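Here's the letter readout for the chains.
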Amino acid sequence: MKKYFLFLLMLPFISKAQLTVEQIMRDAKWIGTSPSEIFWSYDSKAINFKWNPEKNINDSSYKYDLANNKIDKVSYINANLAEDISNGKYNAAKTKIAFIHNGDVYVISIASKAIVRITQTVAEESNAYFLANDAIVIYQSGNDTYAFNTVNGSTQQLTHFENGAKPDKHEEFSSQQKWLNDEALQTSSVIKERNDKHEARKKFLDSNKEEKPLRTIYIGNKNIQNIVVSPDERFVTYNLYEKNDDAKTTVVPNYVTRSGYTEEITGREKAGVPKGDFSLYVFDKLKDTVIKVVTDSIPFLKYTPEYLKYYPALAADSNNLTRKVYVQTILWNDDGSSCVADIFSVDNKDRWLMQLDAATGKLSLIDHQHDEAWIAGPGIAWLEPANIGWINNNTFYFQSEATGYAHLYEYNVNTHQHNAITSGNYEVQKALLSSDKKNFYLITNEESPAKQNIYRINVDGSGKVKITPFTGGYEVALSPDGKYLAYRYSYQTKPWELYLQEAKPNANALQLTNKAMSDSFQLYAWRDTKIFTFKARDGANVHARIYEPKPGTKNNAAVVFVHGAGYLQNEDYWWSYYFREMMFNNLLADKGYTVMDIDYRGSAGYGRDWRVGIYRYMGGKDLDDEVDAAHYLVQNFEIDSTRIGMYGGSYGGFMTLMALFTQPDVFKAGAALRPVTDWAHYDDGYTSAILNDPFTDSIAYARSSPINFANGLKNHLLICHGMVDVNVHFQDVVRLTQRLIELGKDNWEVAPYPVEDHGFVEPSSWTDEYKRILKLFDENLLSK
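This one's a predicted model, so the numbers in the text were calculated from it and none came from an experiment. (Residues numbered from 1 in each chain as written. Predicted model: local features only at pLDDT ≥ 70, side-chain atom pairs only at ≥ 80, totals over all residues. Heavy atoms only, no water.)

*Asks:* Now, about the overall build of the protein chain: what can you tell me, with residues and values included?
*Replies:* Scanning the protein chain from N- to C-terminus turns up 15 helices and 44 strands. Taken over the C-alpha trace, the protein chain has a radius of gyration of 31 Å; the compact-globule value for 784 residues is 28 Å, and the two agree within 12%. Principal-axis analysis of the C-alpha atoms gives the protein chain an extent of 110 × 70 × 60 Å. Buried residues in the protein chain amount to 51% of all 784 residues. A separation threshold of at least 6 residues defines the contact pool for the protein chain, and within that pool the share at least 24 residues apart is 57%. As displayed, the protein chain has an accessible area near 37000 Å², and 50% of this comes from carbon and sulfur atoms. (Helix = DSSP H or I, 4+ residues; strand = E, 2+ residues; numbered from the N terminus. Rg over C-alpha atoms; globule rule 2.2 N^0.38 Å. Buried < 20%, exposed > 50% of the residue type's maximum accessible area, 1.4 Å probe, protein only. Contact = heavy atoms within 4.5 Å. Areas by Shrake-Rupley, 256 points an atom, 1.4 Å probe, with all protein chains shown as cover.)

And the structure:
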């Protein structure tokens with residue numbers, strides 16, 4: 001009783017206490033524990049997830065049993081098996097699942113729950129699936145593909161790929177040996193007679209073999225990728241990739257190691273790396289032939305990008321060049337009558353959906369998507385796999401930004417008709433096809449870019465209904481029987497929890513977990529910020545939120561937080577990826593700062609035009625939006641224009657550098673965390689899409705890289721960076737440091753973190769970093 005009374009006395013004091021950096025940057029377990037990695041059991045009777053209500057070092061596996069309405073902990077072995085089964089592939093009748101477990105192939109019967117082991121080998125098998133007749137399980141072992149017959153238990157090898165070149169029979173002997181062989185036949189009738197008998201027997205045996213030997217396909221020094229077998233087993237398609245010999249990868253040194261020696265971490269490639277070559281092949285087992293699919297005839301393949309008008313010499317050279325392409329996906333319908341190839345240009349500007357005639361290797365156009373900037377958007381590829389599949393044997397679906405927003409489309413291969421399943425000025429951010437292939441379950445932001453909801457729609461685009469009731473964000477998993485939705489839901493002040501709901505409108509949502517917010521976390525009244533828009537200088541509406549100080553505590557200084565991740569949305573009503581920064585922004589507001597956070601040009605969630613607003617100029621319109629935000633604060637919140645700071649990590653760190661270097665009269669102090677300082681040194685897959693290649697678009701790189709503007713620094717700059725960052729390398733900061741030294745700049749410092757990667761892990765590192773940021777703002781933005 002005394003302890004309870006003491007807690008009640010302490011509660012008001014704790015709830016009104018000032019937040020501290022040490023408190024909010026502790027191990028994130030202090031906040032609570034959210035379920036993650038949600039997936040259904042194969043029989044739709046349980047929901048599996050990772051969770052940590054016991055506050056152990058790592059999350060454990062749990063499952064919710066629908067029949068018993070109960071959550072139980074699951075052993076590590078059983079959890080791995082359940083996950084592997086959930087990642088498996090159903091047969092056409094939906095009665096069995098082929099899956100990979102511990103590197104071997106298994107089949108489970110759903111009705112009896114009996115599991116049959118297909119392979120038990122040292123090799124790692126992968127990619128197991130049924131063919132259309134349900135009797136054959138295809139799987140891959142090494143570079144080769146096998147077919148297991150579930151009726152008679154036999155296994156047939158379908159492909160035999162070999163590295164190296166095919167031996168040339170004419171070069172079997174040296175010139176000298178060949179001359180000696182011929183001479184022996186000419187000078188001895190006995191040797192000639194014996195040789196003739198040997199050749200005759202060999203010819204007889206070859207012509208009387210019961211089965212033809214499996215063709216050996218030589219692939220040289222290329223890597224084989226994406227092997228797909230047609231439903232009738234006749235065709236095997238595969239990609240070959242040949243890396244450019246001049247392509248180099250980076251190395252990241254690791255200084256603080258158990259061995260005591262500096263160790264090297266193999267890194268990524270840099271922007272503009274010489275591109276390799278991709279080729280698609282079809283192995284016709286019936287004809288025992290291999291066809292290289294010719295892509296030169298793809299429409300619009302010969303094309304000169306608009307940006308080359310700034311480089312006349314390069315434009316002239318590119319007029320007759322055929323661009324490189326790669327095939328991301330090969331997709332057969334169930335009966336094997338149609339095959340679709342999803343093809344992208346290596347320069348990221350085009351996507352072609354094409355029908356492949358596997359017998360001839362001919363391609364015919366279904367849909368062409370072109371973007372003068374770069375092809376991307378939800379469900380369209382670039383940073384994620386494309387969302388594409390067959391609805392039935394005649395119709396397949398895909399996503400496209402043809403209207404300026406990512407929407408869902410279908411195409412009939414017989415009538416050659418396109419149909420828009422969804423439309424409007426919003427994004428379809430996820431689309432799941434139901435197991436009976438009658439409906440899609442969608443996550444869209446059609447009510448507002450800041451809000452998500454789940455909808456059900458018929459595959460022909462009719463009968464769209466809203467399923468979920470809450471304001472916030474969702475991550476959804478549809479039960480295999482199509483009756484239920486399991487989803488994670490969160491709000492901006494409430495981390496993710498797990499819910500169960502029937503897959504129909506107006507159904508009750510049952511909350512299954514309730515540990516995402518600890519008692520300690522709930523003691524503080526986190527600001528429930530409202531998202532609004534302000535006008536940028538070009539008239540665009542920029543979504544933003546503001547953390548306001550409590551009445552009477554305002555100090556008339558402001559901080560602008562800049563989210564990172566390149567393509568990410570932060571002005572929304574769900575739990576932020578930047579939850580530590582959210583807490584720090586509350587801390588700043590408690591100290592009297594006004595904090596503003598915006599979704600600048602290039603952020604996700606607003607359609608194609610917003611996404612490509614940074615094309616060829618990172619630090620252009622996106623930075624203009626941040627500067628306009630600062631002006632908005634001065635004009636509407638009585639902020640002193642000489643006391644505005646900025647901070648952000650990754651892309652946000654890059655933006656902070658550009659702000660301090662190019663807009664020194666707007667931002668008095670800035671903390672650039674793990675920033676890109678020179679885009680020519682960042683990852684090729686991301687950067688070359690937005691800025692093209694540095695040697696073909698030097699203007700884009702020159703005006704987008706902070707290191708070129710370092711001479712503009714005149715205010716206070718803090719740079720924090722992990723030294724084992726394999727994403728944005730610490731080398732970026734080292735190069736900028738040298739530049740600042742050579743320029744004789746003052747008022748800057750670098751805080752290196754020797755054991756941290758791009759996303760910090762250690763609470764001590766988080767705490768040190770944000771204590772430095774707070775000190776930077778307090779010393780430079782508060783009135784003396």
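That covers the picture; the talk isn't over yet.
*Asks:* Before we move on, could you go through the packing of aromatic side chains and cite the residues and values that matter?
*Replies:* Under the counting rule described, the total for this entry stands at 54 aromatic pairs. Ring centres of Phe470 and Tyr499 lie 5.5 Å apart, and the angle between their planes is 55°; this geometry places the pair in the tilted category. A residue pair is termed long-range when its members are at least 10 positions apart, and Phe470 in the loop between strand S32 (465–466) and strand S33 (473–478) and Tyr499 in strand S35 (residues 494–502) qualify at 29 residues. Aromatic rings pair up to connect Phe561, Tyr577, Tyr578, Phe584, Tyr647, Tyr753, Phe760, Trp766, Tyr770 and Phe777 into one cluster. Here the basic side chain of Lys464 rests over the ring of Tyr455, its NZ or CZ set 4.9 Å away from the ring centre. (Phe/Tyr/Trp six-rings, centres within 6.5 Å; stacked < 30°, edge-to-face > 60°. Lys NZ or Arg CZ within 6 Å of the ring centre and 35° of its normal.)

*Asks:* Would you mind going over the pattern of salt bridges in detail, with residue names and values included?
*Replies:* Pairing between side chains of opposite charge can happen when the charged atoms of each approach one another. Counted by the stated rule, this structure contains 43 salt bridges. The partner of Asp334 in a salt bridge is Lys437, with the nearest N and O atoms 3.9 Å apart. One end of the pair, Asp334, is in the loop between strand S21 (325–332) and strand S22 (339–345); the other, Lys437, is in the loop between strand S29 (428–433) and strand S30 (439–448), and 103 residues separate them in sequence. For Asp334, a relative accessible area of 49% puts it in the partly exposed group. Between Arg616 and Asp697 there is a salt bridge, with its nearest N and O atoms 2.6 Å apart. Pair noted here: Arg616 is in the loop between helix H9 (608–611) and helix H10 (621–637) and Asp697 is in the loop between helix H12 (684–691) and helix H13 (698–704), with a separation of 81 residues, a long-range link. Of the two residues examined, Arg616 and Asp697, each falls in the buried class. When salt bridges that share partners are traced, they join Asp371, Glu401, Arg608, Asp609 and Arg611 into one network. (Salt bridge = Lys/Arg side-chain N within 4 Å of Asp/Glu carboxyl O.)

*Asks:* Please give an account of the layout of surface pockets that cites residues and values.
*Replies:* Rolled over the atoms, a probe as big as a water molecule pinpoints where empty space is left. Roughly 900 Å³ of volume is contained in the second largest pocket. In terms of lining, the second largest pocket is formed by 32 residues, of which the most central are Ala28, Lys29, Gly32, Thr33 and Ser34. Those elements that provide at least two residues to the lining of the second largest pocket are S35, helix H8 (579–590) and helix H15 (763–781). Of the residues that constitute the lining of the second largest pocket, the class distribution is 15 nonpolar, nine polar and eight charged. (1 Å grid on protein atoms, 1.4 Å probe; cavity = no way out; pocket = protein on both sides within 12 Å on 5 of 7 lines; lining within 4 Å. Points joined across faces, edges and corners; volume = space filled by probe spheres on them. Nonpolar A, V, L, I, M, F, W, Y, C, P; charged D, E, K, R; others polar.)

*Asks:* I'd like a rundown of a nonpolar patch on the surface, residues and numbers included.
*Replies:* Residues Tyr255, Val256 and Val755 make up a contiguous nonpolar surface patch of roughly 290 Å² in combined accessible area. By the secondary structure assignment, Val256 is in the loop between strand S17 (251–254) and strand S18 (263–266). (Patch = residues over 30% accessible without salt bridge, like charges linked within 9 Å, V, L, I, M, F, W, Y side chains within 5 Å.)

*Asks:* I'd love a proper account of empty space enclosed by the protein, names of residues and values included.
*Replies:* Scanning the model with the defined rule gives three cavities of 30 Å³ or more in all. Together, 17 residues line the largest cavity, and Gln492, Arg545, Tyr547, Ser576 and Met582 are the ones closest to its centre. Listed by contribution, the elements that provide at least two residues to the lining of the largest cavity are strand S38 (541–547) and H8. Here the lining of the largest cavity gets three residues from one element, more than from any other, and that element is H8. Considered class by class, the residues forming the lining of the largest cavity number seven nonpolar, six polar and four charged. Of the pockets and cavities examined, the second largest cavity occupies roughly 80 Å³.

*Asks:* Describe in detail the sheet that holds S35, supporting the description with residues and values.
*Replies:* Spatially, the four strands line up as an open sheet ordered S33-S34-S35-S36, and their pairing is antiparallel. Each having just a single partner strand, S33 and strand S36 (509–511) make up the two edges of the open sheet. Each adjacent strand pair in this sheet contributes to an overall mean axis angle of 30°, direction not counted. With six bridges joining them, S33 and strand S34 (residues 484–491) adopt antiparallel strand pairing. (Pairing = 2+ DSSP bridges. Axes fitted to C-alpha atoms, helices over the stretch in contact; angles between N-to-C directions.)

*Asks:* Quick one: what's the story with helix H14 (residues 730–742), residue by residue and with numbers?
*Replies:* When the terminal C-alpha atoms of H14 are compared, their 19 Å separation across 13 residues agrees well with the 18 Å that a helix rising 1.5 Å per residue should span. Of all the residues in H14, the buried ones are Phe730, Asp732, Val733, Leu736, Thr737 and Leu740. Taken down its axis, H14 places every buried residue within 145° of arc, on the same side. Along its buried surface, H14 packs onto helix H11 (651–662), strand S43 (716–722) and strand S44 (748–753). At the C-terminal side of H14, Gly744 shows a positive phi close to 70°. (Expected span 1.5 Å × (residues − 1). Arc of directions from axis to C-beta.)

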